[in-house]
Amino acid sequence: MSDITVSRRSALGAIAGLGASAALAGSTTAQGKSAGLTSMQRIEAWELGERKGIASLRRASRPQPLPGPGQVLITVRASALNNRDLAIVSGGYGVRPRPATMIPLGDGVGVVTALGADVTGFNIGDRVSCPHFVNWLDGRYDPRVLEQDLGSSTDGWLADRVVRPAASLVRVPDELSDVEAAAMPAAAVTAWFTLQQFAQVQAGETVLTLGTGGVSVMALQIARMAGARVVITSSSDAKLERMRALGAQITVNYRTHADWEKRVLEATDGRGVGVVVDTVGGSSLDRSLACTAPNARIGLIGALDGAISTTLRPVTLRNLLLRGITSGSRRTLEDVLRAFAANNIKPLVDRVFPFAEAPAAYEFLKSGGHVGKIVISHA
Ligand SMILES: NC(=O)c1ccc[n+]([C@@H]2O[C@H](COP(=O)([O-])OP(=O)(O)OC[C@H]3O[C@@H](n4cnc5c(N)ncnc54)[C@H](OP(=O)(O)O)[C@@H]3O)[C@@H](O)[C@H]2O)c1
């Protein structure tokens, strides 16, 4: 599964120490010393500030973080946004306490720059990433992962250099650029978990995915990789055109067709879809359920449209599987990166913003004008 050689025990110990990431004035690690790193050096970062909206984001100069035992220092090359980053910067997401100095963004990629004590399996110069729930290494979801959630409850990627537990890291395949790799952790892991681990999508099945944001476009690409037929919805005909170019066979504009579930049923000869990647929730779930085939599996991922529906009658009548999905583990990230690389598939990155213009990336996400992912280049 992994080429990381730290034991699970020492990995968990390293994760427990993540918050105290050795940013002590004047201190160094053995490896940090050899790399000429000290906490007297400074890095540039963005901070969440008071979390009252995008305007709360603020630039900061901070001491160089240093890796403690089991940790690595990473020079960040690119970071990326997800829908939740809008909620985080507005104070509507995550556990407390919420220090104003918290660095945002749960997705990123960078190069290993220094190794803390006891780190094996990684070398200086390795290109790495990790899941935003950094201590979810494998297995089932445990709500305690929220306590170490990058960009929400612990420092994220929008900085020059960051410290991460070595146990959480995956190597980034050469086939993916920095920008492409940064686009993947949260959205690709969520889509992969939904389609591969939960729904176990089969070739020839029909997958419905909603909207053209980060998770939904990854779901389209992963479903096509698996040989499935894809139905995708959007508020924009221009975006649907782009989805057809990516391989979607059936496209429906949910704005011009409020009863889009009927279009989906027509397009599937009345049978309905075998898998739903529901990124919207709310009243939209009623429509998703209405166009399911018997034995369909529904991944309930998003809350873009208010509260979760209580209209669950089809779940019983059609023998459906409905599963809530938070995200996925380090293991899932490793699997999805390998699959994209092996199939020469690139994630759809809509726009790349420079580090200095991070708030503009948030504004673009908020506008909903994007298709797929929005990335920040730290180059
Ligand atoms: N990103 C992740 O890894 C992740 C993980 C777990 C859960 N989630 C949840 O999944 C949802 C999507 O996240 P994301 O990061 O993929 O979002 P995103 O990139 O911001 O994409 C949102 C897209 O969904 C469509 N949409 C928005 N409101 C809609 C509505 N009321 N009805 C139908 N479609 C609507 C729009 O597509 P069009 O412009 O094409 O209409 C919009 O661009 C969010 O609720 C998020 O919290 C995301």
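About the thresholds
- Residues numbered from 1 in each chain as written.
- Predicted model: local features only at pLDDT ≥ 70, side-chain atom pairs only at ≥ 80, totals over all residues.
- Heavy atoms only, no water.
- Helix = DSSP H or I, 4+ residues; strand = E, 2+ residues; numbered from the N terminus.
- Buried < 20%, exposed > 50% of the residue type's maximum accessible area, 1.4 Å probe, protein only.
- Polar contact = N/O pair within 3.5 Å; in protein donor to acceptor, adjacent residues only side chain to side chain.
- Contact = heavy atoms within 4.5 Å.
- Near = heavy atom within 4 Å.
- 1 Å grid on protein atoms, 1.4 Å probe; cavity = no way out; pocket = protein on both sides within 12 Å on 5 of 7 lines; lining within 4 Å.
- Sits in = over half its atoms within 2 Å of the grid points.
- Axes fitted to C-alpha atoms, helices over the stretch in contact; angles between N-to-C directions.
- Parallel < 35°, antiparallel > 145°, perpendicular 65-115°, else oblique.
- Nonpolar A, V, L, I, M, F, W, Y, C, P; charged D, E, K, R; others polar.
- Core = buried A, V, L, I, M, F, W, Y, C linked by side-chain atoms within 4.5 Å.
- Domains from an automatic or database assignment.
- Points joined across faces, edges and corners; volume = space filled by probe spheres on them.
- Pairing = 2+ DSSP bridges.
- Right-handed = clockwise from strand over helix to strand, strands pointing away.

A. Examining the side chain of Gln221 more closely. Within the secondary structure, Gln221 sits in helix H6 (residues 214–225). Look at Gln221 and you get buried, because its relative accessible area is 5%. At 2.8 Å, the side chain of Gln221 forms a polar contact with the backbone oxygen of Lys346. Those residues in contact with Gln221 that sit more than four places away from it in its chain are Leu246, Phe340, Ile345, Lys346, Pro347 and Leu348.

B. Region of interest: the site of the ligand. In the vicinity of the ligand, 25 residues are found, and the nearest of them are Asn83, Thr212, Ser234, Ser235 and Tyr254. Interatomic distance of 3.0 Å between a side-chain N/O atom of Asn82 and a nitrogen atom of the ligand. For the ligand, an oxygen atom lies 3.0 Å from a polar atom in the backbone of Ala303. Judged by the proximity of its atoms to the pocket grid, the ligand belongs to the largest pocket. If you list the elements that add at least two residues to the shell around the ligand, you get helix H5 (185–198) and H6.

C. Local environment of the packing of H5 against helix H11 (residues 330–342). Between H5 and H11, whose axes approach to 9 Å, the crossing angle comes to 90°. Judged on the interaxial angle alone, H11 and H5 are roughly perpendicular. Residues Pro185, Ala188, Val189, Trp192, Phe193 and Gln197 of H5 touch H11, and the partners they reach there are Thr332, Leu333, Asp335, Val336 and Ala339. Class assignment of the residues belonging to the contact of H5 with H11 gives a composition of eight nonpolar, two polar and one charged.

D. Just unusual backbone geometry, in detail. Cis rather than trans, the peptide bond between Arg96 and Pro97 has omega equal to 0°. Its place among the elements puts Pro97 in the loop between helix H3 (84–89) and strand E4 (107–115). Positive phi, normally seen in glycine, also occurs at Asp118, with a value near 70°. Along the chain, Asp118 turns up in the loop between E4 and strand E5 (127–129). The phi torsion at Asn319 lies on the positive side, around 60°, for a residue other than glycine.

E. Just the nonpolar core, in detail. Membership of the largest hydrophobic core comes to 46 residues, with the highest contact counts inside it found for Met184, Leu195, Val207, Met243 and Val336. Elements that contribute at least two residues to this core include exactly strand E3 (71–81), helix H4 (178–182), H5, H6, strand E9 (229–234), helix H7 (237–245), strand E11 (273–278) and H11. Examining the composition of this core, we find that eight residues originate from one element, H5, more than from any other. Taken domain by domain, this core gets at least three of its residues from each of domain 1 (8–184 + 347–377) and domain 2 (187–324). Leaving out residues up to four positions away in the same chain, Leu195 has contacts with Gln200, Val201, Val207, Ala219, Ile222, Ala223, Val275 and Val277. Among the nonpolar cores identified, the runner-up in size contains 39 residues, and Leu48, Ile74, Leu115 and Ile374 belong to it.

F. A look at the layout of surface pockets. As a volume, the largest pocket reaches approximately 1300 Å³. In terms of residue class, the lining of the largest pocket is made up of 23 nonpolar, 21 polar and six charged. Each of domain 1 (8–184 + 347–377) and domain 2 (187–324) accounts for three or more of the residues forming the lining of the largest pocket.

G. Molecular detail of the pairing of strand E15 (residues 373–377). In terms of burial, E15 is a largely internal element, four of the five residues being buried. Across four bridges, the pairing between E3 and E15 is antiparallel. The residue bridging Ser79 from the neighbouring strand is Ile376, located in E15. Across five bridges, strand E14 (residues 349–354) lies against E15 in parallel orientation. Counted as the bridge partner of Phe353 is Ile376 from E15. Since E14 and E15 lie parallel, the crossover through helix H12 (residues 358–367) that links them has a hand, and here it is right-handed.

H. Spatial organisation of the environment of Thr154. Inspection of the secondary structure assignment puts Thr154 in the loop between E5 and strand E6 (161–165). A relative accessible area of 10% places Thr154 in the buried class. Between the C-alpha atom of Thr154 and that of Leu105, which follows or precedes it by 49 residues, the distance is 9.9 Å.

I. A look at the sheet that holds strand E13 (residues 321–324). Taken together, the six strands give an open sheet; going across it, the order is E10-E9-E8-E11-E12-E13, and neighbouring strands pair in parallel fashion. What marks the edges here is a single partner per strand, and that holds for strand E10 (250–253) and E13. In this sheet, neighbouring strand axes are inclined to one another by 15° on average, regardless of whether the strands run parallel or antiparallel. Bridge count for E11 against strand E12 (residues 292–300) is five bridges, and the pairing is parallel. In the sheet register, Val275 faces E12, and the bridge partner there is Arg297. Where H6 meets the sheet, its contacts fall on strand E8 (206–209), E9 and E11, and the angle it forms with E9 comes to roughly 165°.

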